[in-house]
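What follows is the residue order along each chain.
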Amino acid sequence: MALWGGRFTQAADTRFKDFNDSLRFDYRLAEQDIVGSIAWSKALRSVGVLNEIEQQKLELALNELKLEVMEDPEQILKSDAEDIHSWVEQQLIGKVGDLGKKLHTGRSRNDQVATDLKLWCRQQGQHLLIVLDRLQNQLVDVASQHQDTVLPGYTHLQRAQPVTFAHWCLAYVEMFERDYSRLGDAINRLDTCPLGSGALAGTAYPMDRQDLAHNLGFRRATRNSLDSVSDRDHVMELMSIASISMLHLSRLAEDMIFYNSGESNFIELADTVTSGSSLMPQKKNPDALELIRGKCGRVYGSLAAMMMTVKALPLAYNKDMQEDKEGLFDALDTWNDCMEMAALCFDGLKVNKERTLEAAKQGYANATELADYLVAKNIPFREAHHIVGVAVVGAIEKGCALEELSIEELKVFSDVIEDDVYEILTIESCLDKRSALGGVSPKQVAYAVDHAQQRLEKRNVSAIKVRVARLTDIDALEGMVAYWSNMGENLPRNRSELIRDIGSFAVVEHQGEVTGCASLYVYDSGLAEIRSLGIEAGWHRQGQGTAIVQHLVAKAKQMAIRKVFVLTRTPEFFMKQNFLPTSKSLLPEKVLKDCEQCPRIHACDEVALEFDLCEQTIIRVNVA
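What comes next concerns the included structure. The model shown is predicted, which means the values in this text are computed figures rather than measured ones.

This part takes up the overall build of the protein chain. In terms of regular secondary structure, the protein chain is built from 24 helices and 13 strands. Taking the principal axes of the C-alpha coordinates as reference, the protein chain spans close to 100 × 70 × 55 Å. In the protein chain, buried positions account for 49% of the 624 residues. Pairs at least 24 residues apart make up 75% of the contacts formed inside the protein chain by residues separated by at least 6 positions. Of the roughly 30,100 Å² of accessible surface on the protein chain, a fraction of 52% belongs to carbon and sulfur atoms. Between the centroid of the 69 positive side chains of the protein chain and the centroid of its 90 negative side chains there is a distance of 4 Å.

Our next topic: the sheet that holds strand β13 (residues 607-612). Spatially, β7-β8-β9-β10-β11-β13-β12 is the arrangement adopted by the 7 strands of the open sheet, whose pairing is mixed. Strand pairing shows two members of the sheet lacking a second neighbour, β7 (464-468) and β12 (580-581), which therefore form its edges. The strands touched by helix α20 (residues 474-486) are β8 (505-510), β9 (513-522) and β10 (528-535); relative to β9, the strand with the most contacts, the crossing angle is about 75°.

With that settled, the discussion passes to the nonpolar core. Grouped together as the largest cluster of nonpolar side chains are 110 residues, with contacts concentrated most on W168, L249, M256 and W335. In contact with L249, not counting residues within four places along its chain, are L135, F176, I292, W335, C338, M339 and A342.

What follows deals with helix α11 (residues 287-310). Between its first and last C-alpha atoms α11 spans 35 Å; for 24 residues at 1.5 Å apiece the expected length is 34 Å, and the two agree. If you check which residues of α11 are buried, you get A288, L289, I292, C296, V299, S302, L303 and M306. Tucked into the core, α11 has its buried residues touching α10 (233-260) and α12 (324-345).

Before going further, it helps to examine the side chain of E59. Turning to its location among the elements, E59 is positioned in helix α4 (residues 52-71). With near-sequence residues (within four places) excluded, E59 lies in contact with I38 and K42.

Take the side chain of H248 next. Inspection of the secondary structure puts H248 in helix α10. Given a relative accessible area of 6%, H248 falls into the buried group. Once residues lying within four places of it in the same chain are set aside, the contact partners of H248 are Y172, M175, F176, R178, D179 and R182.

Let us now look at the pattern of salt bridges. Using the criterion set out here, one finds 40 salt bridges in the structure. Among the ionic pairs, D133 bridges to R459, the shortest N-O distance being 2.8 Å. Taken as a pair, D133 in helix α6 (residues 109-145) and R459 in the loop between α19 (442-457) and β7 lie far apart in primary sequence, 326 residues in all. For the pair D133 and R459, a shared accessibility class is recorded, and that class is buried. Residues E177 and R455 are paired through a salt bridge, measuring 3.5 Å at the closest nitrogen-oxygen approach. Of this pair, E177 sits in helix α7 (residues 165-189) while R455 sits in helix α19; the two residues are 278 residues apart in sequence, bridging distant segments of the chain.

Here the residue pair L315 and A316 is connected by a cis peptide bond, since its omega of 10° sits within 30 degrees of zero. Backbone geometry places A560, a non-glycine residue, at a positive phi of 65°. Counting through the fold element by element, A560 comes out in the loop between α22 (544-558) and β11 (563-568).

Two elements in contact, α10 and α11, have axes separated by 8 Å at closest approach and are oriented at 160°. The orientation of α10 relative to α11 falls into the category roughly antiparallel. Crossing hand, α10 versus α11: left-handed. A per-class count over the contact of α10 with α11 returns 19 nonpolar, 4 polar and 4 charged.

Any two aromatic rings considered together are summarised by their centre-to-centre distance and by the angle between their planes. Tallied over the full model, the rule gives 13 aromatic pairs. Considering the side-chain rings of F574 and F579, the 5.4 Å spacing of their centres and the 75° angle between planes classify their relative orientation as edge-to-face. In terms of burial, F574 and F579 fall into one category: buried. Each member of the aromatic cluster is reached from another via a ring pair, and the members are Y154, F165, W168, Y172, F258, Y259, F266 and F346. Lying over the aromatic face of Y180, R459 brings its terminal NZ or CZ to 3.5 Å of the ring centre. Directly above the aromatic system of Y521 lies the positively charged group of R531, at a separation of 4.0 Å from the ring centroid.

Next up on the list: the pairing of β8. The element β8 is extensively covered by neighbouring structure, given that 6 of its 6 residues are classed as buried. The alternating pattern of β8 places F505, V507 and E509 and A506, V508 and H510 on opposite faces, both of which are buried. Pairing of β7 with β8 involves 5 bridges; the strand directions are antiparallel. Within the sheet, the bridge partner assigned to I464 lies in β8 and is H510.

A word on helix α3 (residues 30-46). Spanning 17 residues, α3 covers 25 Å between terminal C-alpha atoms, matching the ideal 24 Å at 1.5 Å per step. Counting buried residues in α3 gives 12 out of 17 residues, a clear majority hidden from the surface. Of the positions making up α3, those classed as buried are A30, Q32, D33, I34, G36, S37, I38, A39, W40, S41, A43 and L44. Where the residues of α3 are buried, they touch α2 (23-26), α4, α5 (84-96), α6 and α8 (209-215). Count one or two residues on from α3 and you reach G48, which has phi positive near 85°.

Turning next to the pairing of β9. Most of β9 is tucked away, with 8 of its 10 residues classed as buried. The sheet contact formed by β8 and β9 spans 6 bridges and is antiparallel. In the sheet register, A506 faces β9, and the bridge partner there is A518. The pairing of β9 with β10 spans 6 bridges and is antiparallel. Within β10, the residue paired with Y521 across the bridge is E529.

Rules and cut-offs
- Residues numbered from 1 in each chain as written.
- Predicted model: local features only at pLDDT ≥ 70, side-chain atom pairs only at ≥ 80, totals over all residues.
- Heavy atoms only, no water.
- Helix = DSSP H or I, 4+ residues; strand = E, 2+ residues; numbered from the N terminus.
- Buried < 20%, exposed > 50% of the residue type's maximum accessible area, 1.4 Å probe, protein only.
- Contact = heavy atoms within 4.5 Å.
- Areas by Shrake-Rupley, 256 points an atom, 1.4 Å probe, with all protein chains shown as cover.
- Lys, Arg positive; Asp, Glu negative; His and termini not counted.
- Charge placed at Lys NZ, Arg CZ, Asp CG, Glu CD.
- Pairing = 2+ DSSP bridges.
- Axes fitted to C-alpha atoms, helices over the stretch in contact; angles between N-to-C directions.
- Core = buried A, V, L, I, M, F, W, Y, C linked by side-chain atoms within 4.5 Å.
- Expected span 1.5 Å × (residues − 1).
- Salt bridge = Lys/Arg side-chain N within 4 Å of Asp/Glu carboxyl O.
- Parallel < 35°, antiparallel > 145°, perpendicular 65-115°, else oblique.
- Left-handed = near helix turned anticlockwise from the far one by under 90°.
- Nonpolar A, V, L, I, M, F, W, Y, C, P; charged D, E, K, R; others polar.
- Phe/Tyr/Trp six-rings, centres within 6.5 Å; stacked < 30°, edge-to-face > 60°.
- Lys NZ or Arg CZ within 6 Å of the ring centre and 35° of its normal.

Structure (structure tokens):
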């Protein structure tokens, strides 16, 4: 059933329904819609629309739905719902009955979709930062391996001056660094919550929108309801950043296509990123790079279409704005795929050092060095420039390089030239003299590689922080522990227990929002157990669980604990963290007594695993 049918006496034409419905693409916002709905249920409870039992029932049902969506997102497409908001509401009503109909109180699809989209943009933006970081690291790794690989530098696609392959790689590191900075700034700007803005004039319920924003992990609430529901700047800004970065990727692809050509023969791409010809068996085509170059226009088109859509829209919401998602999804997906493919193109890349050196020596790339030599002999640069130009013409007529001219032949162009000229005409000299910051001298390139490595190492691209729990986290801890115990995954812990054991808990933070928790319980025997591990719905498969487990294992190591164990139904996850299967019979008696609280005690399907701190190496994690 449509969310708006009461006003109408006739059903919508099926052709209009097909034209109007957005579920086929906005199903990607399912997780965000459910997370936003959970936060909205808490806001409704704060103003008395829902009581505590109703809110908890809605939250549990929504979290169950979230897990179902995560397991099979495309199940949504089997529905005939108008959009993702309708689908979530239908599924919720199916789980809790008429209670589900209360959730939309005071909320409009206008602020709902604006919130969903911002949540998605924030999450996708963080992922794209990680992909950008990987690409930069790949380029820096290649640069570190080719600091002494001489490469001809070009202007106007004519050989100009020698550089190094490392220097070329680092040029693109700088381009992607600007993309990374722009993306980080955009994520910071969009970090405001529209929920509670209603259709356009705000909600009629006196809820704390700042608290609502913080519950969703936003920095603050938006300040104007009209702007909140009609703002799509973040969509255009992300598309703009994607377009600029695709430009950089396209330039990178063009360089590599040229370097890979038979005429240049500077590099050879791996078979894994090339294809052959259906007719010519000798061909090895750089298709991956050509597709990167070609997809650049596709991303530009999405940005242009979005700007044209928004440019003349009156405030506030208009259906035109439904056109924001397909272009955004496609642009960011394309950008992501192209960055990953660009990084893959450097795997197995072969650089023909002999050929690049030979090419660097051609084209009179050392002509500027001869001009500088003459300047050092007190000849004005403009006169020196002319002298060297004439000398190049002479060398061309003779069919040789400048350094192959005899001293007598060089003196014809200027009598200040002496035998010491030859040492400055070498490739090594050409590179060594460019020793100012940002230059191509070996020392400067080595410094640039080292500086880039240090800069990248300092990043926390995941934005995940693990810290000791505080009493101010109790509400979040209680909610997560209660949810997972209701799901039968953890043992229940009441609020007083959580307060008492707060020192054993650690929490995961993402941009200030507590998104996961776990505790390290120490037994008299000197063993420790990881308990109450839970990650908020919507934050799975993003490194949260791994980060907190590694943090607790490192904490156990500092406490001189010999072994850490877990009882779990997901042994694969812990085995990836170097835990190994063990027997339950080896666990302390207190653990088995604790199990008496478990509803599954007579049909226990948990697996015991342990981490031997005496034998294994702790993986370092970023902790705050």
